[in-house]
Amino acid sequence: MAGALVTSNDAGLSVPDWPTSFGYLVKVPHFVGGIRYEWSHRMVAGTLVSLTLAIAIWTLLVERRRWLRWLAVGAFCTVIAQAILGGLTVLLFQPPAVSTAHATVAQTFFCIAVAIALFSGRKWVEEQPRIEFDQRRPSLFTLTLLSIFVLYVQLILGGMFRHHGMSWWPHVLNAVIVSFVLAWTAVRALSVYSEIEAVRRPAILMLSLLITQLCLGFTAFLTRVAWGRNAVQPELPMVVSTVAHVAVGALLLAATMILSIQVWRHVPVAFEERVSREQRDASAA
Amino acid sequence: MNKKTSRRMISVSTLACALLLTVACNKKENTEQSNNNMSQTAATAPAATPIDPATVATVNGTVKFDGMAPKPAKIDMSQDPACKGMNEAENVVVDNGDLANVFVYVKDGLGSRTFDVPKDEVVLDQSGCKYHPHMLGVMAGQTVQIKNDDQTTHNIHPTPKDNREWNESQPPASAPLEKSFAREEIMLPVKCNQHPWMKMYINVVKSPFYAVTDKAGKYEIKGLPPGDYTIAFVHEKLGEQDQKVTVAPKDTKTVDQSFKAAE
């Protein structure tokens, strides 16, 4: 949200130095204009790095699941990478590829943080998974992975458009593909596995967020591209609609990732389907 | 925390710092290199081609706006209490059909002539959270003095295509910045990221034959040697239009131009 506010208010380079801000690490500057967004974004980022480091250390100390310890370390590495990309964005004057990478890694970090919250939750730890084998092709798990892939493509296309590296139409065109793939995934999940709460809830959330996101995308297009083309400064409707579009986009990606994880847990592909006949014969022998 | 993990965390942090330092150092080196190149260019610049002052001609005229002039867009400066200037954008300034802020320059016809870079600096002032002037002409290598007369910090950020990009902040009552642009570039945008409505254009040319239309749409280019020229009229929103003109010794030619509203 803080990053989206910076870009939407065209305030990305209002603080020209990095990692310091006007020569200081934490001194509050004259809090006006674009500085409000950029400096606040840096402070939020600094707090996030500290919190992520605390989570990583805590997880390493108390968590018994080795893969979760690695995930927490991965989260910290991602937030550091994100900070470096933010710095490069400032020092290299916002090259579209770097700024887009900064936006993409931000949402990746958000997804990792959500995943850590999911895996460390009481329900995940104590729940006895209800398992139904998936016999359909493509499998629901494949569909969820495809959904995450198209969402990432959409994220990159949106970032490139937002950072003036590409026209708007690839993002709009891919929105059709995203809608189709996500709707297919949600309909499959809800029509076949609606009795599994852990699958049903993220599927409904994903579908709701998809509809909201399409509406916000349309509004953002109207305010920024159609009506705001010749605006002399960022106007409130375009800032609100684009920030909301970015935020709901992040939630949609996270909801899809949760659905994918829950499908992997509750609706696995049958063992016979996963292992080829040759492998099974070999292991039997 | 196990030892392996902590060692890896330290390695990642060290790598991040190293990368950051590399970027920062490269940037500084590039800046220094660019400044050195500019000094060398100035030192090795060929001598100016002599022009006979007794034969020079003048081209002048008026630039008109054809059609219904758009209403100036309002600017909301409320996000900084120190900004108390006129709250209207200057992207299309029309008064009684006369179009201001058109950059007029000799685009073609000067051949291989070279010209001395003026030692006087061109002043770009930030006042009322607006740039003055909104449209600026300068010769390649000439100094642009950038002043801040506001009680707020600005950052000056040119976003060129052919010149070096830079972004520097300028607090109130600080010393003027002195900058120059090495390469010819028309409509080089300059903006302030702290006040997103602050935009202006610098036009960097190789010859001293340029002008910017005033509020009455008028311009004048003096001291032009006799010859055949292409005069370009460039506007930030309305684009570029060219006209051919032939000037005889001591001639004064009027070359008017009109722009239609952008569709």
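Counting restarts for each chain: residues are numbered from 1 in the order of the written sequence. Each chain is given a letter, starting from A, and each ligand a number, starting from 1, according to the order in which they appear as written. For a predicted model such as this one, the threshold for reporting local features is a pLDDT of at least 70, and the threshold for listing and counting side-chain atom pairs is 80 or more; totals across whole chains, interfaces and linings nevertheless cover every residue. To obtain the side-chain values, all non-hydrogen atoms of the structure were used and water was disregarded.

This paragraph deals with the overall build of chain B. A run of H or I in DSSP becomes a helix once it reaches four residues, and a run of E becomes a strand once it reaches two; helices and strands are each numbered from the N terminus. A tally of helices and strands in chain B yields one helix and 19 strands. The classification of residues rests on relative accessible area computed with a 1.4 Å probe and restricted to protein chains. Under 20% of the type maximum is buried, over 50% is exposed, and intermediate values are partly exposed. Looking at chain B residue by residue over its 263 residues, the buried ones come to 42%. Long-range contacts, defined as pairs at least 24 residues apart, comprise 63% of the intrachain contacts of chain B with a sequence gap of at least 6. As displayed, chain B has an accessible area near 13,600 Å², and 52% of this comes from carbon and sulfur atoms. Whether two residues are in contact is decided by their heavy atoms: any pair within 4.5 Å suffices. Areas reported here follow the Shrake-Rupley algorithm with a probe of radius 1.4 Å; residue values treat only the protein chains shown as occluding.

Our focus in this paragraph is the state of the cysteines. Chemically, a disulfide is nothing more than a covalent bond linking the sulfur atoms of two cysteines. All names here are of chain B. Two cysteine sulfur atoms make up a disulfide if the distance between them is within 2.5 Å. Per the counting criterion, the structure on display carries one disulfide over all chains. Paired through a disulfide, Cys 83 and Cys 129 show a sulfur-sulfur distance of 1.9 Å. Note on the Cys 83 and Cys 129 pair: the S-S dihedral is about -65 degrees, so by sign convention the disulfide is left-handed. Of this pair, Cys 83 sits in the loop between strand 1 (57-66) and strand 2 (94-95) while Cys 129 sits in the loop between strand 5 (122-127) and strand 6 (130-132), and the two are 46 residues apart along the sequence. Taken as a pair, Cys 83 and Cys 129 share a single burial class, namely buried. The thiol of Cys 192 is unpaired, and the distance to the nearest cysteine sulfur, on Cys 129, comes to 7.7 Å.

This part covers the interface of chain A and chain B. Contacts between the two partners involve 33 residues from chain A, matched on the other side by 34 residues from chain B. The three residues of chain A that bury the most area against chain B are A:Phe93, A:Val232 and A:Gln233, which together make up 23% of that side's buried surface. Of the charged contacts in the structure, one is a salt bridge between A:Asp10 and B:Lys191, with a shortest N-O distance of 3.9 Å. In protein, a polar contact means a hydrogen-donor-capable atom and an acceptor-capable atom, both N or O and within 3.5 Å, with residues adjacent in sequence counting only if both atoms are side-chain atoms; elsewhere, any N or O pair within 3.5 Å suffices. Seen at the junction of chain A and chain B, the total is seven residue pairs in polar contact (both at pLDDT 80 or more). Elements represented by at least two residues in the side of chain A that touches chain B include exactly helix 2 (33-62) and helix 3 (66-91) of chain A. Basically, the charged four are Asp, Glu, Lys and Arg, the nonpolar ten are Ala, Val, Leu, Ile, Met, Phe, Trp, Tyr, Cys and Pro, and anything else, Gly included, counts as polar. Residues that form the side of chain A that touches chain B fall into these classes: 24 nonpolar, seven polar and two charged. Take the accessible area each of two parts loses on contact, using a 1.4 Å probe, and add the two losses: that sum is the buried area. Only one rule defines a salt bridge in this text: a Lys or Arg side-chain nitrogen within 4 Å of an Asp or Glu carboxyl oxygen.

Our next topic: a nonpolar patch on the surface. Surface patches are drawn from residues lacking salt bridges whose relative accessible area is over 30%; two like charges belong together within 9 Å, two nonpolar side chains (Val, Leu, Ile, Met, Phe, Trp, Tyr) within 5 Å. A grouping of A:Trp168, A:Trp169, A:Val172 and A:Leu173 is seen on the molecular surface, where their side chains present a nonpolar patch of about 410 Å² in accessible area. Classification of A:Leu173 by relative accessible area gives exposed; the value is 53%.

A few words on the side chain of A:Thr104. Looking at the element boundaries, A:Thr104 is found in helix 4 (residues 96-119). For A:Thr104, the residues in contact, after removing those within four places along its chain, are A:Tyr152, A:Leu155 and A:Ile156.

Quick look at the pattern of salt bridges now. Residues and elements named next belong to chain A. Applying the stated rule across the entire model yields 14 salt bridges over all chains. In this structure, Arg 201 engages Glu 197 in a salt bridge whose closest nitrogen and oxygen atoms are separated by 3.1 Å. Of this pair, Arg 201 and Glu 197 are both found in helix 8 (residues 197-226), four residues apart, which corresponds to roughly one turn of the helix.

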